[in-house]
Protein chains: 4
Amino acid sequence: IVETSLFLTDYRLFPAASYTDSSDDETSPRDKQQKNSKGSSDFCVKNIKQAEFGRREIEIAEQEMPALMALRKRAQGEKPLAGAKIVGCTHITAQTAVLMETLGALGAQCRWAACNIYSTLNEVAAALAESGFPVFAWKGESEDDFWWCIDRCVNVEGWQPNMILDDGGDLTHWIYKKYPNMFKKIKGIVEESVTGVHRLYQLSKAGKLCVPAMNVNDSVTKQKFDNLYCCRESILDGLKRTTDMMFGGKQVVVCGYGEVGKGCCAALKAMGSVVYVTEIDPICALQACMDGFRLVKLNEVIRQVDIVITCTGNKNVVTREHLDRMKNSCIVCNMGHSNTEIDVASLRTPELTWERVRSQVDHVIWPDGKRIVLLAEGRLLNLSCSTVPTFVLSITATTQALALIELYNAPEGRYKQDVYLLPKKMDEYVASLHLPTFDAHLTELTDEQAKYLGLNKNGPFKPNYYRCLGPPQNQRRLGSDELPRVQLTLASFPHPFT
Amino acid sequence: IVETSLFLTDYRLFPAASYTDSSDDETSPRDKQQKNSKGSSDFCVKNIKQAEFGRREIEIAEQEMPALMALRKRAQGEKPLAGAKIVGCTHITAQTAVLMETLGALGAQCRWAACNIYSTLNEVAAALAESGFPVFAWKGESEDDFWWCIDRCVNVEGWQPNMILDDGGDLTHWIYKKYPNMFKKIKGIVEESVTGVHRLYQLSKAGKLCVPAMNVNDSVTKQKFDNLYCCRESILDGLKRTTDMMFGGKQVVVCGYGEVGKGCCAALKAMGSVVYVTEIDPICALQACMDGFRLVKLNEVIRQVDIVITCTGNKNVVTREHLDRMKNSCIVCNMGHSNTEIDVASLRTPELTWERVRSQVDHVIWPDGKRIVLLAEGRLLNLSCSTVPTFVLSITATTQALALIELYNAPEGRYKQDVYLLPKKMDEYVASLHLPTFDAHLTELTDEQAKYLGLNKNGPFKPNYYRCLGPPQNQRRLGSDELPRVQLTLASFPHPFT
Amino acid sequence: IVETSLFLTDYRLFPAASYTDSSDDETSPRDKQQKNSKGSSDFCVKNIKQAEFGRREIEIAEQEMPALMALRKRAQGEKPLAGAKIVGCTHITAQTAVLMETLGALGAQCRWAACNIYSTLNEVAAALAESGFPVFAWKGESEDDFWWCIDRCVNVEGWQPNMILDDGGDLTHWIYKKYPNMFKKIKGIVEESVTGVHRLYQLSKAGKLCVPAMNVNDSVTKQKFDNLYCCRESILDGLKRTTDMMFGGKQVVVCGYGEVGKGCCAALKAMGSVVYVTEIDPICALQACMDGFRLVKLNEVIRQVDIVITCTGNKNVVTREHLDRMKNSCIVCNMGHSNTEIDVASLRTPELTWERVRSQVDHVIWPDGKRIVLLAEGRLLNLSCSTVPTFVLSITATTQALALIELYNAPEGRYKQDVYLLPKKMDEYVASLHLPTFDAHLTELTDEQAKYLGLNKNGPFKPNYYRCLGPPQNQRRLGSDELPRVQLTLASFPHPFT
Amino acid sequence: IVETSLFLTDYRLFPAASYTDSSDDETSPRDKQQKNSKGSSDFCVKNIKQAEFGRREIEIAEQEMPALMALRKRAQGEKPLAGAKIVGCTHITAQTAVLMETLGALGAQCRWAACNIYSTLNEVAAALAESGFPVFAWKGESEDDFWWCIDRCVNVEGWQPNMILDDGGDLTHWIYKKYPNMFKKIKGIVEESVTGVHRLYQLSKAGKLCVPAMNVNDSVTKQKFDNLYCCRESILDGLKRTTDMMFGGKQVVVCGYGEVGKGCCAALKAMGSVVYVTEIDPICALQACMDGFRLVKLNEVIRQVDIVITCTGNKNVVTREHLDRMKNSCIVCNMGHSNTEIDVASLRTPELTWERVRSQVDHVIWPDGKRIVLLAEGRLLNLSCSTVPTFVLSITATTQALALIELYNAPEGRYKQDVYLLPKKMDEYVASLHLPTFDAHLTELTDEQAKYLGLNKNGPFKPNYYRCLGPPQNQRRLGSDELPRVQLTLASFPHPFT
């Protein structure tokens with residue numbers, strides 16, 4: 001039986017406070033007759049009338065997605081996606097909307113469904129539908145709705161996709177299962193999620209991958225931002241929003257000192273917490289020491305800490321035994337991977353009382369009255385209890401757009417039926433498109449210097465195997481037989497500053 | 001005409017997500033007949049049935065208010081407030097409840113009203129009423145309700161207050177106006193707010209202060225926590241909750257480098273922002289330089305910054321001219337004092353469009369499409385858009401309790417009809433009561449060392465004139481003729497670690 | 001018997017590497033016949049021929065003493081020290097030379113001796129003598145030489161001082177003892193050192209102070225720089241130069257969390273050390289907690305730390321018992337006050353072996369082979385093992401110059417026979433003169449803002465009692481009966497930016 | 001013509017203050033007849049009588065080289081280097097002595113020469129000779145001496161080396177040139193320096209490498225420590241020792257944001273400098289932005305900065321044009337690679353005056369009097385003007401020892417005639433041997449977790465291609481055809497904590 005992502009609880013929470021309330025409308029969108037102002041009804045959203053509110057959110061997002069806006073400008077002359085028919089399955093948010101409208105501006109036709117039954121912003125979906133995008137998504141879909149929406153995207157008379165943009169692999173799975181012949185015309189898959197990439201590697205290993213696929217999840221830029229820089233901010237945000245706690249003077253243990261752990265530790269240290277670290281890898285351990293953190297085993301500090309944060313990619317890092325020994329009011333949360341780092345299941349025993357005190361906050365109470373504060377039921381704090389900054393989403397969206405362009409335009413034979421990592425140069429290009437946000441001015445090599453270094457003046461500046469690896473979880477999926485096979489060129493994309 | 005605080009919009013926001021919803025109940029509490037489980041109806045709250053929910057919040061707060069809990073323990077033997085009849089007017093929150101129940105445990109009788117028409121947590125008020133405290137407060141009082149509640153606290157047959165705990169001065173004002181004779185029995189006033197302290201100094205100058213008053217607003221501990229440490233965290237929290245922005249790489253100008261400015265700068269620097277500082281005082285300016293911040297005039301950077309934060313205590317620091325020159329999407333907010341630091345009034349002109357995009361977030365849009373993001377309409381970001389950690393409130397509440405004890409027990413003649421600052425030793429005592437939270441172990445002087453330093457082993461360790469002064473606004477109110485006149489002793493309060 | 005400072009071992013070490021070697025010349029300067037190029041022989045230095053080398057050092061120092069250079073420029077028109085006859089007794093360094101030549105440019109005549117028998121830079125003394133300053137000082141004076149030099153400064157036919165600039169009080173003491181009548185013409189004393197200030201307060205208490213004296217040691221600017229900012233850098237410098245140790249990952253305990261302790265802790269934390277703090281004052285202790293340091297008793301961590309640093313102003317903070325329990329290779333040093341914080345005397349017992357391994361570095365070896373690394377024999381690390389940045393000395397020298405100007409020009413009666421602290425405005429003025437070094441631009445209040453704040457546009461911006469107090473040691477000397485009596489005005493010194 | 005390293009000026013400076021002075025002894029060691037206390041004269045050092053002083057330094061170094069001391073203990077039973085005849089050519093320092101004596105304890109015979117004509121510590125060489133090591137080295141060798149010493153190590157009757165430990169490649173070069181037949185018995189080369197590794201790759205490319213070689217320069221642990229952590233400390237140390245400058249408030253531009261640049265920036269930011277960064281690689285540039293540094297072109301800030309630091313691995317990063325535009329007193333130094341980053345040659349023109357003001361410090365003076373402060377004549381500041389912490393040298397020495405053991409014990413055929421990088425597991429093992437220094441406790445995976453992650457419980461924990469790459473300079477030498485070919489196992493070295 002196939003595992004699908006639609007019930008995954010790790011979806012990203014978005015600010016909802018400002019949105020129009022449509023909770024009183026109980027009619028299923030599938031039963032509604034709606035048309036946009038141009039008379040089209042090729043979409044299915046909650047309420048097309050919310051389009052104006054969604055448009056405002058899209059406009060706000062555009063201001064923080066300079067790279068996509070720059071791509072639009074560049075593409076006014078050439079249309080690198082002219083003829084492309086992209087079917088997409090992602091979270092439907094203002095940032096996705098900016099991506100979709102960019103793809104449109106580059107010449108593509110798009111049809112879109114949601115990759116998660118909860119994460120759609122109805123207003124944004126309405127705005128897209130109003131602009132003429134066939135969007136099939138709303139907040140609170142049933143499982144049946146979910147697959148129905150995906151099917152509406154691909155099962156269209158007179159329109160057949162030639163590109164797939166997927167987030168989680170459900171769309172890809174659906175086409176494999178229902179319309180395998182469709183792959184004959186499909187030039188490639190761009191996949192963003194860990195789960196989806198994992199599935200693609202499995203298909204590849206099994207010899208069943210029938211088109212080239214691009215893994216955009218493991219690009220250096222995305223990894224560095226999603227992990228180090230984003231977590232540095234979201235650990236504080238997630239803890240504050242849920243508990244209103246003060247960081248100063250608090251004792252914290254961070255399990256794992258990869259990029260995520262480094263970000264969490266740096267942020268909490270800066271806010272005046274006393275931070276301990278646990279590690280299994282002696283090199284990361286030595287880094288923790290040199291950065292000023294006491295390296296301990298969890299057992300050694302579990303009785304004294306105020307907060308426990310897991311960032312390992314491992315499972316059962318915090319066990320019931322640890323939980324039993326924590327002091328009263330200890331906060332426990334997970335910034336790592338999936339929801340198994342804390343053994344939450346072990347807390348579902350009769351002698352413990354669970355009390356939901358706020359959204360995403362449970363008190364688990366021991367018979368003697370001790371209570372620990374469990375956040376997001378052990379799921380990812382940064383996704384559940386804080387928002388992802390638009391700037392980070394911009395990096396992902398730009399990478400997706402470039403990957404689509406490359407796969408669509410690649411000459412016959414450049415890509416086999418395999419999973420490819422992004423070439424270094426493309427990573428660097430995405431980064432360079434985001435520098436203007438910071439009014440940052442890149443230095444160019446002189447001819448003499450480029451020759452001295454043996455580099456091309458426009459990059460790439462680092463070898464392809466230079467990567468920022470995430471937790472072991474990720475590396476396993478990048479085992480030696482899956483080493484990047486990168487032959488991309490970016491001829492069609494001149495360096496942004498030349 | 002007297003200015004009252006009931007309409008001040010600077011009240012502190014508290015988490016409301018977890019609370020029972022009573023919005024459907026439109027009946028005014030004044031029109032309801034309610035009794036607690038012991039049969040008493042000497043209170044007026046929204047809904048006595050919410051008591052259980054409120055009790056849970058109080059229990060959570062108790063865990064972060066160790067100093068008050070320690071006071072309760074100490075006072076089990078002696079009852080230093082036996083016979084005290086305290087009338088109080090403060091925000092009604094879980095933390096206040098812990099204070100009130102502590103005063104009760106120390107022997108006092110209390111009657112309480114809210115100092116703000118919006119800030120009452122109905123569930124907490126219910127819990128207090130259920131426990132037998134005559135509380136008169138609910139969320140959403142009218143102005144008439146506000147004064148009616150205060151009056152119900154003081155105008156009681158057979159009960160006359162002998163102590164006042166005020167926050168804003170409205171209670172004090174009401175007694176001055178309506179029941180001036182009551183002051184004959186009143187031993188003293190403890191006042192927490194800037195506004196209330198200001199009023200007391202005015203009364204004192206005018207020769208109209210007829211009882212001793214204690215200014216707990218300007219204690220070192222409270223100032224340091226409210227300003228430096230609390231703002232270090234709340235600037236990040238307030239910006240995140242309102243805008244979901246990313247701090248890394250952002251250019252920020254912080255106006256003013258007092259304690260608040262220092263806290264904001266340190267936090268943003270730690271998160272990877274590029275921070276500029278403006279200052280009027282060359283000594284603070286030199287400190288900013290040594291701490292690694294470029295000292296500029298606002299004009300020099302106003303075109304390039306992403307965020308403008310005021311922390312001055314001054315007025316019109318950000319003028320319309322500055323606002324006109326800001327770049328698109330610039331965020332403007334105030335962490336300083338009152339709501340005049342940003343000249344918000346100047347933005348209320350016909351050519352500018354205001355758009356409320358979220359709670360506490362306005363876009364102000366120029367004719368050419370440029371928009372700036374104004375937070376909390378220029379009011380205090382830390383109070384409007386983030387919550388105040390319980391730990392900080394604990395320091396204030398403990399100080400209030402000690403001030404009440406001192407004034408109530410002071411021998412005849414120790415205090416004149418004047419405004420007093422807390423003695424250093426009391427500040428130190430409050431601090432010491434909070435050290436156990438951090439498992440912090442204080443070192444004691446040996447006899448030899450105490451003699452060498454000329455200090456008492458139990459403190460005070462700093463002279464009385466050692467203070468952490470806030471912005472000039474505050475200092476003005478501490479002009480030379482209002483210098484601390486401190487004659488308190490804490491004989492009745494042995495050093496907590498002896 | 002009077003204690004003199006000439007044998008104090010806390011003198012500041014200066015870079016000597018670049019200097020001409022004159023160690024072969026064994027003749028006492030007192031026995032030499034020397035003339036400068038203009039034919040004058042009214043001086044006594046090691047070797048007048050080294051003048052050129054000294055001049056180069058003075059020129060280098062001038063570049064980092066912008067405030068004195070600015071004073072010279074301002075004073076080209078008026079000569080606020082015209083007629084002043086200043087006798088000085090300070091360390092003879094390049095920075096002092098810049099001060100002396102500034103005093104000369106302002107109209108003063110100067111005669112100068114060294115306040116320490118070791119600290120004179122012979123080349124600088126030669127350069128001053130060559131420029132016509134009667135200087136009597138060389139490196140390696142005997143005690144007899146020391147007093148002879150001082151005497152040559154004051155006991156001159158046809159020249160009688162009317163101002164004293166002292167550092168340590170020896171010059172003042174000599175005049176009191178030998179030429180008490182001289183005080184009739186002396187307008188005031190400016191004293192820089194803790195010791196000297198202490199003596200002046202004693203004289204004042206005893207009713208024996210017969211002229212006004214200015215305590216420049218306790219100015220905010222000087223204190224903040226000498227303590228927080230300077231120590232933040234010199235703790236690293238002193239440890240590196242003596243031990244070449246790596247800071248990353250090292251466990252350090254810092255005793256005392258005043259300004260010096262704060263500076264040390266911040267620097268070591270930034271370099272990746274794990275820092276523990278001890279404190280006696282609960283308020284400072286709470287600050288340490290909020291800044292992210294574990295507050296401990298020394299006993300609790302003494303076995304595990306790699307470095308022990310004292311910053312208390314107290315005595316016997318590190319006892320023989322602590323030293324016995326330290327682990328092998330533990331480094332022990334003092335950043336606080338005098339040389340009693342570590343009980344070094346207790347290590348002078350037969351069973352312990354002392355081994356001098358480098359200059360300022362002793363290994364003290366226990367019978368079992370354990371060795372601790374004692375720096376500077378427990379004297380001040382920052383003075384013994386690192387150099388004081390010119391910028392910090394510039395602040396002191398500027399303050400001294402302004403104090404001399406004020407005392408010399410003050411109208412009859414402004415100053416009594418007492419010890420005065422610098423007024424806030426003068427502190428602020430010194431600070432403002434140093435801002436251009438950082439290209440720092442001060443903001444000026446508008447008239448409206450000044451009125452709103454109740455401040456003069458040119459300052460002072462803080463009340464006179466706003467001070468940055470040092471360790472208790474210092475505060476004792478500022479007891480309540482010695483509170484600042486400040487009546488200075490700076491009418492003759494307009495605000496630097498107006 | 002072969003380039004040799006003996007004149008390279010980048011040798012590491014060591015503290016010399018405590019050493020015995022032998023400058024009066026002008027006799028060449030080659031002309032002296034010396035015997036150690038056991039009667040051997042198979043060595044050539046400056047003065048065998050200095051052995052005792054050298055021994056003390058070695059003992060001090062042993063305390064900071066725990067990993068080698070641990071290896072000695074482990075090897076008491078087995079002697080993994082029994083039968084090994086190692087000829088070495090490295091800097092002769094206390095740390096090298098600890099390495100040599102460890103190799104001896106592991107069973108090896110050693111003969112040693114210096115890799116640099118200036119860097120030998122005579123006392124240490126004497127101590128080694130006294131202990132029976134045939135050492136041929138002294139401070140201040142001539143070029144002829146240099147090759148003579150190397151020859152004395154290899155050209156011995158009845159002794160032929162079977163392992164080479166080289167630092168710079170001169171020893172390897174000498175054997176290639178003079179005794180090529182010797183390679184028949186040599187099992188491998190371990191090379192530490194960038195230059196030496198480069199030569200080996202050239203030999204390999206040319207098909208002339210006739211034994212396996214191990215590149216220990218590019219191990220993750222060494223790179224991370226040499227670059228990030230060591231530079232974080234040495235940039236401060238080098239600047240302080242040469243200029244005594246204050247960091248607070250200074251404006252600094254750091255060219256290059258690789259590991260070295262990151263270390264420099266972090267340190268200076270922490271000390272209160274205002275730091276600007278230049279970069280050519282957009283990914284590193286974006287990292288600089290997120291870390292809070294303004295990304296600029298050098299031109300944009302060159303007029304305003306107080307310090308310029310190069311960390312690029314590139315050449316002519318600071319040109320004469322930049323130098324012409326710097327402000328007076330600007331400090332210029334190089335932390336990157338070799339001595340070409342600053343175009344120092346361009347300053348050797350007649351109109352500029354050079355003034356040597358201290359050791360390693362030159363003032364270069366423009367006709368208008370402007371002077372810039374050039375450190376170490378553009379050579380590496382960290383090597384020329386600060387010392388390398390023993391802890392860092394310990395990591396290198398441990399890696400060298402393990403590489404020798406592996407090459408010596410590897411079964412026939414495991415290594416071809418090629419250059420090998422260290423396997424990840426060995427890197428991790430070196431790291432783990434250094435954790436006890438920090439009292440750091442590594443966590444072990446449970447069986448279940450190891451299985452979940454697909455890892456061996458004892459590591460390696462990261463894939464082999466996970467590396468911390470240095471500047472482009474280094475990467476060029478690691479081009480795709482030189483990718484790590486790692487087949488090592490560490491069977492003989494059980495995990496240190498199992």
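These figures come from a predicted structure and were not determined experimentally.

**Student:** Please clarify how the overall build of chain A should be interpreted in this entry.
**Tutor:** When its secondary structure is counted, chain A shows 17 helices and 15 strands. By the burial criterion, 60% of the 498 residues in chain A qualify as buried. Sequence separation of at least 24 residues holds for 76% of the intrachain contacts in chain A that already meet a minimum separation of 6.

**Student:** Would you mind showing me how to read the interface of chain A and chain B here?
**Tutor:** Size of an interface, as often reported, equals the accessible area lost when the parts are brought together. Every contact between the two is made by 31 residues of chain A and, on the other side, 31 residues of chain B. The set of elements that each furnish at least two residues to the side of chain A that touches chain B consists of helix 8 (220-243), strand 12 (353-358) and helix 14 (390-409) of chain A. Per-class residue counts for the side of chain A that touches chain B are 14 nonpolar, 9 polar and 8 charged.

**Student:** Would you mind showing me how to read the sheet that holds strand 6 (residues 213-215) of chain A here?
**Tutor:** Within a sheet, adjacent strands bond to each other through the backbone by hydrogen bonds, running parallel or antiparallel. All names here are of chain A. Taken in spatial order, the 7 strands line up as 3-2-1-4-5-6-15 in an open sheet, and their pairing is parallel. Looking at which strands have only one partner, the edges of the open sheet turn out to be strand 3 (135-136) and strand 15 (419-421). Sheet topology places strand 6 next to strand 15; 3 bridges connect them, and they run parallel. Looking across to strand 15, one finds that Asn215 is bridged to Leu421.

**Student:** How should the relation of the copies chain B and chain C be read in this particular structure?
**Tutor:** Both copies of the chain are tied together by a single rotation about an axis and a shift running along it. Once turned by 180 degrees and shifted 0.0 Å along the axis, chain B lies on chain C with an RMSD of 0.1 Å. In the structure described here, the two chain copies are related by an operation that fits a two-fold rotation axis. Most of the interface of chain B is mirrored in chain C: 100% of its interface residues are interface residues there too.

**Student:** Hey, could you run me through the UniProt feature "binding site: NAD(+)" (unreviewed entry) in chain A in this one?
**Tutor:** Per the UniProt record, "binding site: NAD(+)" (unreviewed entry) is found at A:Gly258, A:Glu259, A:Val260, A:Gly261, A:Lys262, A:Gly263, A:Glu279 and A:Asn382. Following the sequence through the fold, A:Gly263 ends up in helix 9 (residues 259-270). Judged by local crowding, A:Gly263 falls into the buried class, with 25 C-beta atoms found within 10 Å. Aside from chain neighbours lying at most four places away, what touches A:Gly263 is A:Asn227, A:Leu228, A:Tyr229, A:Cys231 and A:Arg232. Relative to the elements of secondary structure, A:Glu279 occurs in the loop between strand 8 (274-278) and helix 10 (282-290). In this structure A:Glu279 comes out as buried when scored by C-beta crowding, with 29 C-beta atoms within 10 Å. Ignoring anything within four residues of it in the chain, the contact list for A:Glu279 reads A:Gly256, A:Tyr257, A:Cys284, A:Ala285, A:Ala288, A:Leu295, D:Leu442 and D:Thr443.

**Student:** Looking at this structure, I do not really get unusual backbone geometry. What am I missing?
**Tutor:** With glycine set apart, most residues show a phi of negative sign, and most peptide bonds adopt trans. B:Gly459 connects to B:Pro460 through a cis peptide bond whose omega is 0 degrees. Along the chain, B:Pro460 falls in the loop between helix 16 (447-453) and helix 17 (472-476). In this structure, A:Asp439 is a non-glycine residue whose phi angle is positive, near 50 degrees. Looking at A:Asp439, the number of C-beta atoms within 10 Å reads 16, which means it is partly exposed. The phi dihedral of C:Ala376 is positive, around 55 degrees, even though this residue is not glycine.

**Student:** Is there a simple way to explain the interface of chain B and chain C in this structure?
**Tutor:** Across the contact, 52 residues belong to chain B and 52 residues belong to chain C. Breaking the side of chain B that touches chain C down by element, the ones donating at least two residues are helix 8 (220-243), helix 10 (282-290), helix 11 (298-301), helix 15 (424-434), helix 16 and helix 17 of chain B. With 7 residues, helix 10 of chain B is the largest single contributor of residues to the side of chain B that touches chain C.

**Student:** Before we go on, may I ask you to explain the UniProt feature "domain: S-adenosyl-L-homocysteine hydrolase NAD binding" (unreviewed entry) in chain A in this structure?
**Tutor:** UniProt's entry tags residues 227-388 of chain A with the feature "domain: S-adenosyl-L-homocysteine hydrolase NAD binding" (unreviewed entry), counted in the numbering of this structure. Secondary structure within residues 227-388 of chain A divides into 32% helix and 22% strand; the distance between the first and last C-alpha atoms comes to 11 Å.

**Student:** What's the story with the relation of the copies chain A and chain B in this structure? I'm lost.
**Tutor:** For the pair chain A and chain B, the best superposition has an RMSD of 0.1 Å and corresponds to a rotation of 180 degrees with a translation of 0.0 Å parallel to the axis. Residue by residue, 100% of the interface of chain A is reproduced at the interface of chain B, so both copies engage with the same surface.

**Student:** Help me understand the sheet that holds strand 11 (residues 331-334) of chain D, please; the structure alone is not making it clear to me.
**Tutor:** Residues and elements named next belong to chain D. Ordered in space as 9-8-7-10-11-14-13-12, the 8 strands form an open sheet in which the pairing is mixed. Pairing within the sheet leaves two strands with one partner each, and these edge strands are strand 9 (294-295) and strand 12 (353-358). Pairing analysis gives 5 bridges linking strand 13 (residues 361-365) to strand 14 (residues 371-375), with the strands arranged antiparallel. For Val364, the partnering residue across the bridge sits in strand 14 and is Ile372. In this fold helix 9 (residues 259-270) packs onto strand 7 (251-255), strand 8 (274-278) and strand 10 (307-310), with an angle of close to 165 degrees to the strand it touches most, strand 8.

Conventions adopted
Residues numbered from 1 in each chain as written. Chains lettered and ligands numbered in written order. Predicted model: local features only at pLDDT ≥ 70, side-chain atom pairs only at ≥ 80, totals over all residues. Helix = DSSP H or I, 4+ residues; strand = E, 2+ residues; numbered from the N terminus. Buried ≥ 20, exposed ≤ 12 C-beta atoms within 10 Å, placed from the backbone. Contact = placed C-beta atoms within 7 Å. Nonpolar A, V, L, I, M, F, W, Y, C, P; charged D, E, K, R; others polar. Pairing = 2+ DSSP bridges. Least-squares fit on C-alpha atoms with pLDDT ≥ 70 in both. UniProt positions renumbered as here; feature names shortened; annotations may be inferred. Axes fitted to C-alpha atoms, helices over the stretch in contact; angles between N-to-C directions.

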